[in-house]
There are 2 protein chains.
Amino acid sequence: MDTKDKAKFPQVVIVGGGFGGLQVASKLADKPVDVLLLDRHNYHTFQPLLYQVATGSLEAESIAFSIRKNFAGQKNFRFNIAEVTRVNAEKNTIDTSIGEIAYDYLVIATGSTTNFFGNKDIEKFSMPMKSIPEALNLRYLILQNLEDATLKATKAEKEPLLSFVLVGAGPTGVELAGALAEIRNHILCKDYPELKKEDMKVYLVDFLPKVLGPFSDEASKKAYEFLTNMGVEVLLNVKVESYDGNEIKFEGGKTIRSKNVIWSAGVMGEIPEGVNKEVIVRGNKIKTDDHCRMAGSPAIFAIGDVAAMITDETPKGHPGVAQVAIQMGKYVAETIIQTINGEATKPFKYFDKGSLATIGRNKAVADLGKVKFQGFFAWMIWMFVHLISLLGFRNKLHVFINWIGSYISFNGGSRLIIRQFKKETLASKTEQVAIPD
Amino acid sequence: MDTKDKAKFPQVVIVGGGFGGLQVASKLADKPVDVLLLDRHNYHTFQPLLYQVATGSLEAESIAFSIRKNFAGQKNFRFNIAEVTRVNAEKNTIDTSIGEIAYDYLVIATGSTTNFFGNKDIEKFSMPMKSIPEALNLRYLILQNLEDATLKATKAEKEPLLSFVLVGAGPTGVELAGALAEIRNHILCKDYPELKKEDMKVYLVDFLPKVLGPFSDEASKKAYEFLTNMGVEVLLNVKVESYDGNEIKFEGGKTIRSKNVIWSAGVMGEIPEGVNKEVIVRGNKIKTDDHCRMAGSPAIFAIGDVAAMITDETPKGHPGVAQVAIQMGKYVAETIIQTINGEATKPFKYFDKGSLATIGRNKAVADLGKVKFQGFFAWMIWMFVHLISLLGFRNKLHVFINWIGSYISFNGGSRLIIRQFKKETLASKTEQVAIPD
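Residues numbered from 1 in each chain as written. Chains lettered and ligands numbered in written order. Predicted model: local features only at pLDDT ≥ 70, side-chain atom pairs only at ≥ 80, totals over all residues. Heavy atoms only, no water.

You'll find chain A entered in an unreviewed UniProt entry as NADH:ubiquinone reductase (non-electrogenic), with Mucilaginibacter xinganensis given as the organism. As its UniProt record puts it under Sequence similarities (unreviewed entry), chain A is described as follows: "Belongs to the NADH dehydrogenase family." The UniProt entry for chain A carries this comment under Catalytic activity (unreviewed entry): "a quinone + NADH + H(+) = a quinol + NAD(+)". (UniProt positions renumbered as here; feature names shortened; annotations may be inferred.)

Shown next as structure tokens:
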């Protein structure tokens, strides 16, 4: 950093360019602070549509947006690609891959990552889907296994390649199951005349007795009905015991031969080193007060998936959804400015706008407070909400056109294997690197 | 292969899904042959727009098209991803990564790859751009170096990161130079307020005395003028001596400090093993007769960039452009059917439709026979020709929208670093693999 970068205004450092982090930065525009946003990627990911990237319906770039482009013109904003390695709360600095950085206010908005609950084999062999590189890896694996299946003569040889097991029947698992069922029903025979629709199986597995656990029973039942009608085999009250890359075993003895196990059964907060262990609670989250402040550190805020605001009103914290992160981000920006100005601050209040999940064309479920409905109208609402929430006119337009195209043709998406995905490389999970062709 | 795959019709095996290979396969639709197309990728690449993928103006998926989707419904067509390792002309088979495959007619349409003329250091440290993975690697490298430059305090430290050296002033080099100059002129300061326009340099280097060597002098001169007006430093009559990843040296002593050297100074045919060495000519091409037949092997055809049809009329063969591959592909499909039917065949005749190259917005050059023009109208023609040549309505629409958007905003493209590119990995160039995040 050269000397001209020396802050005249209080320095707000935001770690993470997800829904929460972006909100903090943009709400601090034109305020008397300097904002530095750090992320390991130079783009924001619209996670709710990751499953459409994995299944090839949308291109990665349609649901990602350049952070620099988003903040072009915001004078008090700077961005750098960086990995935060340590929080030094005692001296108000963080250690990062680009050096030590001082802050007056630190916002930890690092989000969550896949939770394999300590099962190393499942971590090694199953596919997570929490980032764009992971969604692309999953896409390439699916397409490669379809290609490989065309080379196999017998049904037994084809079976593990054409069986897709989705563990975790939350919105991600349900949406992915629906999308894979649509590939099976509408695309498989067109693209792969060598394969039969009946040979491809989609399983959705959960240890709970229902799909879409946090939704209303009405939404849950309808989603189950939609899925089974589309040919998804839904296995409830089932716990995974092990997975070796070829066969997944469940408690009670059932097994499925599959080379495609996708793990969306849990998440955990991504906390940088140095955070006081005493404030780390269940789900690897940072416990905060009702002002999003990390317990014992008034200059450090935690928001979104990495935060657990445990109060009398919210004894389990808030759900891990975009709306919580967005509202906390907005709140923290306001609270920082009020604090600087010596004004009174109010505690955070979450306004629940409701929940939506889509299963397939014309099929979605909506729980909007007391109003619950399912089917075509819920699906229209789902599309509208996701379209307007996407950053950037270009992204909105691309997604809109792709959806229209897919709706008309039953054959959207590109399904290209741009990079070969090799399971063996899972052993060295440290980073994503592009190797020349 | 199971027994039902046993061919009743003559088996035509096409190696390579480029412009030529696709043309052969589609012109054989509804003919009394079985067609098997092999490619190492499951998509066709529209190479003329690769440079826009490298500079982030277009997404990879906009200029690639699924081969399976393209041929969905063509009854006599099959496709497999495969690497051809050997041609066994004596027994009419090829060895491939998916086993030995018999043919009645073999069409080698494997195209060309970058020619580093045996210089191992240049091969190791400079960036080629002949495939989509390579274009993406180049994009990520450019963006990473811009990011790195924002962290450097001095001009001297920034220099190698912000100097772009394009070796080879053919259409690829010229188009890339123009696109980089536009990033410098219109995007750099918006996205990277830490950087100055003057700190970024774009050099275009060639050992010939002119840019766009094969074009008319009129086109050549105008392209030179366009480039220099946009701020590109064009260095002609200059030969590269060495490049070590940090500094490129030219004969005569001039050097440029650059971590971005892009090599488009030559191509060579990609010939599978087993092809009779005696028919391999200059540029690693397969010598054919005027029927595109490999000398001495009437059942083997070679077309496009990998072929050299050396006759009295074309003593140097044909230029390495898409039109040659397309016309040869169409011709070979007709010739195979005529041969099967015992009909007379005619020699191949190339119809030169002319040449186009674009330099930047409103700036292109066109040599259409005796009609030569440059500027806005040439640029409109260039866009029109490229749009209609793209496979698939969806791709046409995406590219069209992106171009309109970029034209209006001066700020198109997404510029995301989806996969980190590491120069060190260039040492193991064997394949492109996606490693999990």
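Next, the rest of the story.
Undergrad: Describe the UniProt feature "domain: FAD/NAD(P)-binding" (unreviewed entry) in chain A, and please don't skip the residues or the numbers.
TA: According to UniProt, the positions carrying the feature "domain: FAD/NAD(P)-binding" (unreviewed entry) are residues 11-329 of chain A. The annotated region residues 11-329 of chain A carries 29% helix and 27% strand content, and the separation between its end C-alpha atoms amounts to 16 Å. (Helix = DSSP H or I, 4+ residues; strand = E, 2+ residues; numbered from the N terminus.)

Undergrad: Please provide a residue-by-residue account of the relation of the copies chain B and chain A, values included.
TA: For the pair chain B and chain A, the best superposition has an RMSD of 0.0 Å and corresponds to a rotation of 180° with a translation of 0.0 Å parallel to the axis. Within this description, the copies of the chain are treated as partners about a two-fold rotation axis. By residue overlap, the copies meet face to face through one surface: 100% of the interface positions of chain B are interface positions in chain A. (Least-squares fit on C-alpha atoms with pLDDT ≥ 70 in both. Contact = heavy atoms within 4.5 Å.)

Undergrad: Tell me about the packing of aromatic side chains, and name the residues and values.
TA: Per the counting criterion, the structure on display carries 17 aromatic pairs over all chains. Connected via pairs of aromatic rings, a cluster forms that spans Phe376, Trp379 and Tyr407 of chain A. For Arg361 of chain B, the ring lying beneath its charged end belongs to Tyr407 of chain B, and the centroid distance is 4.3 Å. (Phe/Tyr/Trp six-rings, centres within 6.5 Å; stacked < 30°, edge-to-face > 60°. Lys NZ or Arg CZ within 6 Å of the ring centre and 35° of its normal.)

Undergrad: Please provide a residue-by-residue account of the interface of chain B and chain A, values included.
TA: Counting from both sides, the interface comprises 60 residues of chain B and, opposite them, 60 residues of chain A. Of the roughly 6,000 Å² buried where chain B meets chain A, counting both sides, 51% is carbon and sulfur surface. Across the chain B-chain A interface, the total number found is eight salt bridges. Taking the shortest distance from any N to any O, the salt bridge between Arg68 of chain B and Glu194 of chain A comes out at 3.3 Å. Taken together, chain B and chain A are joined by 22 residue pairs in polar contact (both at pLDDT 80 or more). Counting only elements with at least two residues in the side of chain B that touches chain A, the list comes to β4 (64-66), α3 (67-70), β5 (77-81), α5 (132-150), α7 (171-191), α11 (393-409), β26 (420-421) and β27 (433-434) of chain B. The element contributing the most residues to the side of chain B that touches chain A is α5 of chain B, with nine residues. (Buried area = accessible area lost by both parts, 1.4 Å probe. Salt bridge = Lys/Arg side-chain N within 4 Å of Asp/Glu carboxyl O. Polar contact = N/O pair within 3.5 Å; in protein donor to acceptor, adjacent residues only side chain to side chain.)

Undergrad: Which residues make up the UniProt feature "transmembrane region" (unreviewed entry) in chain A, and what values do they have?
TA: Mapped onto this structure's residue numbering, the UniProt feature "transmembrane region" (unreviewed entry) falls at residues 376-393 of chain A. Span residues 376-393 of chain A is 83% helix and 0% strand, its end C-alpha atoms 25 Å apart.

Undergrad: Give me the side chain of Asp206 of chain A: which residues, what numbers.
TA: All names here are of chain A. By secondary structure assignment, the location of Asp206 is in the loop between β12 (201-205) and α8 (217-229). Despite its burial, Asp206 pairs with no opposite charge; the closest candidate is Lys239, at 10 Å N-O. At 2.6 Å, the side chain of Asp206 forms a polar contact with the backbone nitrogen of Ala169. Here Leu208 takes part through its backbone nitrogen, which lies 2.8 Å from a polar atom of the side chain of Asp206. With near-sequence residues (within four places) excluded, Asp206 lies in contact with Gly168, Ala169, Gly170, Leu235, Leu236, Asn237 and Val238. (Buried < 20%, exposed > 50% of the residue type's maximum accessible area, 1.4 Å probe, protein only. Lys, Arg positive; Asp, Glu negative; His and termini not counted.)

Undergrad: Tell me what's going on with the domain arrangement of chain A, and back it up with residues and numbers.
TA: A common measure of how large an interface is: the accessible area buried when the components associate. All names here are of chain A. For chain A, the assigned domains read domain 1 (9-114 + 268-340) and domain 2 (118-265). Taken over C-alpha atoms, the centre of domain 1 sits 32 Å from the centre of domain 2. The interface of domain 1 with domain 2 comprises 20 residues on the first partner and 17 residues on the second. When domain 1 packs against domain 2, the two sides together hide about 1,500 Å² of surface, and 67% of this comes from carbon and sulfur. The largest share of the area that domain 1 buries against domain 2 comes from Tyr51, Ala54 and Thr114, three residues that together contribute 38% of it. Taken together, the connections running from domain 1 to domain 2 amount to one salt bridge. The partner of Glu59 in a salt bridge is Arg139, with the nearest N and O atoms 3.3 Å apart. Applying the counting criterion to the domain 1 and domain 2 interface returns five residue pairs in polar contact (both at pLDDT 80 or more). Elements represented by at least two residues in the side of domain 1 that touches domain 2 include exactly β3 (43-45), α2 (50-54) and β10 (112-114). Looking at the side of domain 1 that touches domain 2, the element that brings in the most residues is α2, giving four residues. Broken down by class, the residue content of the side of domain 1 that touches domain 2 amounts to ten nonpolar, eight polar and two charged. (Domains from an automatic or database assignment. Nonpolar A, V, L, I, M, F, W, Y, C, P; charged D, E, K, R; others polar.)

Undergrad: For the sheet that holds β5 of chain B, give the residues involved together with the corresponding values.
TA: Residues and elements named next belong to chain B. If you trace the five strands from one edge of the open sheet to the other, you get β5-β2-β1-β9-β21, paired in parallel fashion. The two strands at the open ends of the sheet, each matched to only one other strand, are β5 and β21 (300-302). Each neighbouring strand pair of the sheet contributes to a mean axis angle of 20°, computed without reference to strand direction. As judged from the five bridges shared by strand β1 (residues 11-15) and strand β2 (residues 34-39), these two strands associate in the parallel manner. (Pairing = 2+ DSSP bridges. Axes fitted to C-alpha atoms, helices over the stretch in contact; angles between N-to-C directions.)

Undergrad: Which residues make up the confidence of the model for chain A, and what are the values?
TA: Residues and elements named next belong to chain A. Put simply, chain A has an average pLDDT of 92, and 95% of its residues get 70 or more. Contacts of residues 1-5 to residues separated by more than four positions or lying in other chains number two contacts, the stretch itself having pLDDT below 50. Overall, residues 425-437 carries pLDDT values under 50, and its contacts beyond four positions in sequence, including any with other chains, amount to 59 contacts. (pLDDT = per-residue confidence, 0-100.)

Undergrad: Any chance you could break down α11 of chain B for me, citing the residues and the numbers?
TA: Because an α-helix packs 3.6 residues into every turn, residues spaced three or four apart end up facing the same way. Compared with the 24 Å implied by 1.5 Å per residue over 17 residues, the 24 Å span of α11 of chain B between its first and last C-alpha is a close match. Along α11 of chain B, the residues classified as buried are Arg394, Asn395, His398, Val399, Ile401, Asn402 and Trp403 of chain B. Where α11 of chain B is buried, its residues contact α11 (393-409) of chain A together with α2 (50-54), β4 and α10 (376-389) of chain B. (Expected span 1.5 Å × (residues − 1).)

Undergrad: Can you lay out helix α8 (residues 217-229) of chain B for me, pointing to particular residues and giving the numbers?
TA: All names here are of chain B. In a regular helix each residue adds 1.5 Å, so 13 residues correspond to 18 Å; α8 covers 18 Å between its end C-alpha atoms and thus fits that length. Buried within α8 are the following residues: Ala219, Ser220, Ala223, Phe226 and Leu227. The buried side chains of α8 occupy one side of the element, clustering within an arc of 125° when seen end-on. Opposite its buried face, α8 presents the exposed residues Lys221 and Asn229, each directed more than 90 degrees away. Elements in contact with the buried residues of α8: α7, β12 (201-205), β13 (233-235), β23 (355-360), β24 (363-368) and β25 (371-374). In the segment just after α8, Gly231 is the residue with positive phi, at about 100°. (Arc of directions from axis to C-beta.)

Undergrad: Describe the pattern of salt bridges, listing the residues and the values that go with them.
TA: All names here are of chain A. Under the criterion given, the structure shown has 32 salt bridges over all chains. Between Arg257 and Glu159 there is a salt bridge, with its nearest N and O atoms 3.6 Å apart. Taken as a pair, Arg257 in strand β16 (residues 255-257) and Glu159 in helix α6 (residues 155-162) lie far apart in primary sequence, 98 residues in all. With a relative accessible area of 32%, Arg257 lands in the partly exposed category.

Undergrad: Just give me the short version of the side chain of Thr55 of chain B, but keep the residues and values in it.
TA: Residue and element names in this part refer to chain B. Structurally, Thr55 is set in the loop between α2 and β4. For Thr55, a relative accessible area of 8% corresponds to the buried category. Ignoring anything within four residues of it in the chain, the contact list for Thr55 reads Leu176, Ala179, Leu180 and Ile183.

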